[in-house]
Amino acid sequence: MTETSAQLDALWSANTDYARSIGLSGSPTRTLLYLFALRFLSTRNSSLEQLWYEIRHGSNNGIAIEGLRNIAWRVEERFPQIAEVFTRQLLPSLETVVSPLDQWVRTLGSLGESVKVDPLSFGRWFDHASETLAVGGAEGFQFTTSRPVAELMVRLARPTTEESLHDPCVGIGTILAAAVTQAADTTQLPRLSGQEIQPDIAALARLRLFLLGASNARIEVGDVLRAPAFVEPDKT
């Protein structure tokens, strides 16, 4: 485990312990995971950092929610590959996490201040956290292919940059994520795509792959049996 991973794990544990201590219901772990990603994607923009500062020093929860809404819109504008991930998956859930929201925002200030995180380190941490939560059956996540099996499938397939790697039931993107982490760098990736019937799970897969550096991965929402999104026009 790297020092950065250990620091992120410590932040994660502190926040999830707080959520449990107040008996928070619903899917707080997924909400917090999205908050971690939103906070990280803000760290290299001075105006967004200022918004986080204002949120942390605001006097009420309404300020926090409005500030996070503004940050989410601006992050998605800057990174169109993850458009609507935060505005559709994170913002609606914030109404149910009023009690710990200020606490979470304060501790997340460490990302960009005391904890300096590079994109690759954060992407790998997010990848591992997503996997751990799914395998553990956390509420708001979907059970997933085990990582060793996913990695074996990718090694056996050995996709090249001239080929495509498609997962018709992509879930949270474990097989595609395994392809990204096994590649020497993101320029050596095949074309990555997947389809998932649940919009919230598809959004998590998109964010996970984006944070790993696979910014061109294409994840579509829909029933692959009734409406496959990746059928070639001249084939049935």
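Everything below is about the structure shown above.
In short, a report on the structure. (Residues numbered from 1 in each chain as written. Predicted model: local features only at pLDDT ≥ 70, side-chain atom pairs only at ≥ 80, totals over all residues. Heavy atoms only, no water.)

A word on the overall build of the chain. In terms of regular secondary structure, the chain is built from 10 helices and 3 strands. Helices (α) and strands (β) of the chain occur, in sequence order from the N terminus, as α-α-α-α-α-α-α-α-β-α-β-α-β. Relative to its length of 236 residues, the chain is compact, with a C-alpha radius of gyration of 18 Å against a globular reference of 18 Å. Based on the C-alpha atoms only, the size of the chain along its principal axes is roughly 60 × 40 × 35 Å. Within the chain, buried positions represent 47% of all 236 residues. Long-range pairs, those at least 24 residues apart, make up 76% of the contacts in the chain between residues at least 6 apart in sequence. (Helix = DSSP H or I, 4+ residues; strand = E, 2+ residues; numbered from the N terminus. Rg over C-alpha atoms; globule rule 2.2 N^0.38 Å. Buried < 20%, exposed > 50% of the residue type's maximum accessible area, 1.4 Å probe, protein only. Contact = heavy atoms within 4.5 Å.)

So, about the sheet that holds strand E2 (residues 191–196). Read across the sheet, 3 strands follow the order E1-E2-E3 without closing on themselves; strand pairing throughout is parallel. Of all strands in the sheet, those bounded by a partner on one side alone are strand E1 (164–167) and strand E3 (218–221). Adjacent strand axes in the sheet meet at a mean angle of 15°, parallel and antiparallel pairs treated alike. Against the sheet, helix H9 (residues 174–182) engages E1, E2 and E3, with an angle of about 165° to E2. In the packing of helix H10 (residues 199–211) onto the sheet, the strands contacted are E2 and E3, and the crossing angle to E3 comes to about 175°. (Pairing = 2+ DSSP bridges. Axes fitted to C-alpha atoms, helices over the stretch in contact; angles between N-to-C directions.)

Of the residues making up helix H8 (residues 147–157), those classed as buried are Arg147, Ala150 and Val154. Viewed end-on, H8 has its buried residues packed into an arc of 65°, placing them on one side of the element. What points out from H8, more than 90 degrees from its buried face, is the exposed set Pro148 and Leu156. Here the buried face of H8 lies against helix H7 (119–135), H9 and H10. Positive phi appears at Arg158, one or two residues downstream of H8, with a value of about 45°. (Arc of directions from axis to C-beta.)

Right, let's get into the packing of aromatic side chains. Within the structure shown, the criterion is met by 8 aromatic pairs. Ring geometry for Trp12 and Trp125: centres 5.9 Å apart, planes at 70°, overall edge-to-face. With Trp12 in helix H1 (residues 3–21) and Trp125 in helix H7, the pair connects residues that are 113 residues apart, well separated along the chain. Across this residue pair, the class does not change: Trp12 and Trp125 are buried. The interplanar angle of 40° and the centroid separation of 6.2 Å between the aromatic rings of Phe122 and Phe126 together place this pair among those described as tilted. Highlighted residues: Phe122 and Phe126, both in helix H7, separated by 4 residues, approximately one helical turn. Since its relative accessible area comes to 0%, Phe122 is described here as buried. Exposure remark for Phe126: the relative accessible area of 0% places this residue in the buried category. Taken together, the ring pairs in this structure connect Trp12, Phe36, Phe40, Phe122, Trp125 and Phe126 into an aromatic cluster. (Phe/Tyr/Trp six-rings, centres within 6.5 Å; stacked < 30°, edge-to-face > 60°.)

Two numbers describe how H1 lies on helix H2 (residues 28–41): the axes approach to 11 Å, and their chain directions differ by 140°. One finds that H1 runs oblique with respect to H2. When the axes of H1 and H2 are compared, the crossing they make is right-handed. Of H2, the residues touching H1 (which contributes Leu8, Leu11, Trp12, Asn15, Thr16 and Ala19) are Pro28, Thr29, Leu32, Leu33 and Phe36. (Parallel < 35°, antiparallel > 145°, perpendicular 65-115°, else oblique. Left-handed = near helix turned anticlockwise from the far one by under 90°.)

Applying the stated criterion across every chain yields a total of 11 salt bridges. Residues Arg39 and Glu49 are paired through a salt bridge, measuring 2.5 Å at the closest nitrogen-oxygen approach. In this pair, Arg39 is assigned in helix H2 and Glu49 in helix H3 (residues 46–56), connecting sequence segments 10 residues apart. The two residues Arg39 and Glu49 agree in class, both being buried. In this structure, Glu151 and Arg147 form a salt bridge, with 3.5 Å as the shortest nitrogen-oxygen distance. Of this pair, Glu151 and Arg147 both sit in helix H8, 4 residues apart, roughly one helical turn. Where salt bridges share partners, they join Asp127, Glu131, Arg147, Glu151 and Arg208 into one cluster. (Salt bridge = Lys/Arg side-chain N within 4 Å of Asp/Glu carboxyl O.)

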